[in-house]
Amino acid sequence: MEQIRTLTAFGGSAGTGEYLQLARNLGGELASRDITTVYGGGAVGMMGNLADGALAAGGSVIGVIPQFMADAGLAHPKVTDMRIVPNMHTRKALMYDLADAFIAMPGGVGTLDECFEVLAWTQLGLLAKPLAFLGVDYWSPLLGFLTTGVKAGFVRELDRDGIIVVDDTVTALTRLYEWTAPEPKNTHPGTENGKGRSS
């Protein structure tokens, strides 16, 4: 892709030690490249540290948070561009729409939900924006699961092989720039494991 102006980051609302530092480093790196950080709007965990890192480096941050979370006082108080939306579905749709690319940091069920929706939309040809997973040790079991899916005929090799998993932000951004969208999946029955081609 030619340029990344905005990047949506996914990650947990928890985290300790090296994970929190990973998030802060990502925010700082995005700010240093004049890339606007888009995230879920929270003030704690990976998400809060991501925003703190970007803001401390003078970066632009857009938070997208559902009304019920804002009402509970979970929104980051220093993010000036906070988009309050009615529900989780609208939140994800806006985060996808605002992004030129995505990075997934370690997280839980909510992070997996966001990532798999991006991957699913990509394989169907509904989305053509790259996603990188940050943290090889954390995400290796996910690649193992997808490899099992390939062997069982439920996941295409090109979709598994096209997943970017790296340990540092600089490499993640380089790989995002190099990414090309896969050929959309043939949705006819019996073609789950079609190998297709890269475009």
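Thresholds applied
- Residues numbered from 1 in each chain as written.
- Predicted model: local features only at pLDDT ≥ 70, side-chain atom pairs only at ≥ 80, totals over all residues.
- Heavy atoms only, no water.
- Core = buried A, V, L, I, M, F, W, Y, C linked by side-chain atoms within 4.5 Å.
- Buried < 20%, exposed > 50% of the residue type's maximum accessible area, 1.4 Å probe, protein only.
- Helix = DSSP H or I, 4+ residues; strand = E, 2+ residues; numbered from the N terminus.
- Pairing = 2+ DSSP bridges.
- Axes fitted to C-alpha atoms, helices over the stretch in contact; angles between N-to-C directions.
- Contact = heavy atoms within 4.5 Å.

Visitor: Explain the nonpolar core to me, using residue names and the numbers behind them.
Guide: With 27 residues, the main nonpolar core has Leu7, Leu26, Leu50, Ile103, Met105, Leu134 and Leu176 as its most contacted residues. Breaking this core down by element, the ones donating at least two residues are strand E1 (6-10), helix H1 (17-32), helix H2 (45-56), strand E5 (101-104), strand E6 (131-134), strand E7 (164-166) and helix H8 (169-178). Counting residues in each nonpolar core, the second largest holds 22 residues, with Val64, Cys115, Leu127 and Val155 among its members.

Visitor: Outline the sheet that holds E1, supporting the account with residue identities and numerical values.
Guide: Strands sit in the order E4-E3-E2-E1-E5-E6-E7 across an open sheet of seven strands; the sheet is parallel. With partners counted over all chains shown, the strands left at the sheet margins are strand E4 (81-85) and E7, one partner each. Neighbour to neighbour, the strand axes of the sheet diverge by 25° on average, direction disregarded. Bridge count for E1 against strand E2 (residues 36-39) is three bridges, and the pairing is parallel. For Thr6, the partnering residue across the bridge sits in E2 and is Thr36. Against the sheet, helix H5 (residues 109-123) contacts E1, E5 and E6, and its axis sits at roughly 150° relative to E6.

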